[in-house]
Amino acid sequence: MAIEIKSIKGYYYLDAWVMSHIIYQATVSFCQRYLNKDNDPSGRLYDQMVMAARSAPANIAEGSSRRQTSRETEMRLTDVARATLSELLNDFLAFSLTYNIEPWPKDSENYRALKSLQLERPNYGNDIEHDAWIHIQAQRKRFAPWVENENLAIRVNSIKQLINRNIEMLQKMISRQLEDFKHDGGFTEGLSKERIATQAHQAIEQNAPQCPLCGKPMIKRTIKRGAKAGHQFWGCSNYPECQGTRNY
């Protein structure tokens, strides 16, 4: 199949990307309300938390956009998003320790209630950017009673729970990306397959000899290294599965 570069907006459909935006908005709201000159005199914690929260959707988007040309970069950026969320989670943990906000046990009513609240699936039309904005805002409103609650303990624990959920989403994404890479290879492998397929087709048109081992058409190749560098020979178009050669 020929290589085709398609739209890079597939990340708009990712729950992990939508959830990361909810966390970003919740973090900004939290920092604006609860970080001040008394507990954050230089403003460094504010900047650190907001930038960590912003980094997650940004890296998910960039990684997804690179999927067609570099699976390795996609996995690397997805992992960066996961790491920045872990950094943000640690900041909320530190805040909860400072202000004696006990984490919710997993069997608590609040934990179970928030866990049962899931993202709705997007239903985008032709105007995907507009529709994505509407979708994210609708999901944000669904979680707002938790992550923007007037009770500080509920707010902090809710944001922490959503961060952990987002991290789990990204871990599953990385596992799928790794499996896809092992099965299909990356862009470089795709380019090699495309080039070999084109050369094989040209070989058939030019009546190139058949491989003595498997019978497939052969491709004229050039030795690039060693004492015979620059010399040409016939190599099997099914290389590396078949390593048949003929003198040119």
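Quick notes on the rules
Residues numbered from 1 in each chain as written. Predicted model: local features only at pLDDT ≥ 70, side-chain atom pairs only at ≥ 80, totals over all residues. Heavy atoms only, no water. Helix = DSSP H or I, 4+ residues; strand = E, 2+ residues; numbered from the N terminus. Buried < 20%, exposed > 50% of the residue type's maximum accessible area, 1.4 Å probe, protein only. Contact = heavy atoms within 4.5 Å. Axes fitted to C-alpha atoms, helices over the stretch in contact; angles between N-to-C directions. Parallel < 35°, antiparallel > 145°, perpendicular 65-115°, else oblique. Left-handed = near helix turned anticlockwise from the far one by under 90°. Nonpolar A, V, L, I, M, F, W, Y, C, P; charged D, E, K, R; others polar. pLDDT = per-residue confidence, 0-100. Phe/Tyr/Trp six-rings, centres within 6.5 Å; stacked < 30°, edge-to-face > 60°. Core = buried A, V, L, I, M, F, W, Y, C linked by side-chain atoms within 4.5 Å. Pairing = 2+ DSSP bridges. Expected span 1.5 Å × (residues − 1). Salt bridge = Lys/Arg side-chain N within 4 Å of Asp/Glu carboxyl O.

## Describing the environment of Glu-129
With respect to the element layout, Glu-129 can be found in helix 5 (residues 128-147). On the basis of relative accessibility, which here comes to 45%, the residue Glu-129 falls in the partly exposed class. It is 9.1 Å that separates the C-alpha atoms of Glu-129 and Lys-9, two residues lying 120 residues apart in sequence. In this structure Glu-129 touches Lys-9 and Tyr-12, once residues within four positions along its chain are discounted.

## A few points about the packing of helix 2 (residues 44-65) against helix 3 (residues 71-98)
Interaxial distance between helix 2 and helix 3 falls to 8 Å at its minimum, and their mutual angle equals 155°. Taken together, the axes of helix 2 and helix 3 are roughly antiparallel relative to one another. Every pair of crossing elements has a handedness; the one defined by helix 2 and helix 3 is left-handed. For the pair helix 2 and helix 3, the contacting residues are Leu-45, Gln-48, Met-49, Ala-52, Ala-53, Ser-55, Ala-56, Asn-59, Ile-60, Glu-62, Gly-63 and Ser-64 in the first and Glu-74, Leu-77, Val-80, Ala-81, Thr-84, Leu-85, Glu-87, Leu-88, Asp-91 and Phe-92 in the second. When the residues that make up the contact of helix 2 with helix 3 are grouped by side-chain class, the tally is 12 nonpolar, 6 polar and 4 charged.

## With respect to the confidence of the model for the protein
Scored by pLDDT, the protein has a mean of 87; 87% of the residues are at 70 or more. Mean pLDDT values over the elements of the protein span from 58, in helix 7 (residues 187-205), up to 98, in helix 4 (residues 109-116).

## What to know about unusual backbone geometry
Non-glycine residue Asn-100 carries a positive phi angle of around 55°. Take Asn-100: it is sitting in the loop between helix 3 and helix 4. Overall, the relative accessible area of 71% leaves Asn-100 in the exposed class.

## Re the packing of aromatic side chains
For the structure on display, the rule yields 9 aromatic pairs. An aromatic cluster of three or more residues is present, and its members are Phe-30, Tyr-34, Phe-92, Phe-95 and Tyr-99.

## Points about the nonpolar core
Ranked by size, the top nonpolar core spans 49 residues in total, and within it Phe-30 and Ile-163 carry the most contacts. Mapped by element, the contributors of at least two residues to this core are helix 1 (15-34), helix 2, helix 3, helix 4, helix 5 and helix 6 (152-184). The leading source of residues in this core is helix 1, at 11 residues. In this structure Ile-163 touches Ile-23, Leu-85, Leu-88, Leu-89 and Phe-92, once residues within four positions along its chain are discounted. In terms of nonpolar packing, the next biggest core, distinct from the first, is built from 6 residues, Ala-208, Cys-211, Trp-234 and Cys-242 among them.

## Here we look at the sheet that holds strand 3 (residues 245-247)
The 3 strands lie next to each other as 1-2-3, forming an open sheet whose pairing is antiparallel. Two strands lie at the open edges of the sheet, namely strand 1 (218-222) and strand 3, each paired on one side alone. When the angles between neighbouring strand axes are averaged without regard to direction, this sheet yields 35°. Of the pairings in the sheet, the one linking strand 1 to strand 2 (residues 232-236) comprises 5 bridges and is antiparallel in character. The partner of Thr-222 across the bridge, within strand 2, is Gln-232.

## Some remarks on helix 1
Taking 1.5 Å of rise per residue, the 20 residues of helix 1 would be expected to cover 28 Å, and the 28 Å separating its terminal C-alpha atoms lies within 8% of that figure. Among the 20 residues of helix 1, 14 are classified as buried, and the element is accordingly described as predominantly covered.

## A few points about the pattern of salt bridges
All told, the structure shown has 5 salt bridges when counted by the stated rule. Ionic pairing is found between Arg-121 and Asp-15, a salt bridge with its closest N-O pair at 2.7 Å. One end of the pair, Arg-121, is in the loop between helix 4 and helix 5; the other, Asp-15, is in helix 1, and 106 residues separate them in sequence. With a relative accessible area of 53%, Arg-121 lands in the exposed category. By relative accessible area, Asp-15 is classed as partly exposed at 26%. Linking Glu-120 and Arg-142 is a salt bridge whose minimum nitrogen-to-oxygen distance equals 3.8 Å. Of this pair, Glu-120 sits in the loop between helix 4 and helix 5 while Arg-142 sits in helix 5, and the two are 22 residues apart along the sequence. Judged by relative accessible area, Arg-142 falls into the partly exposed class, the value being 27%.

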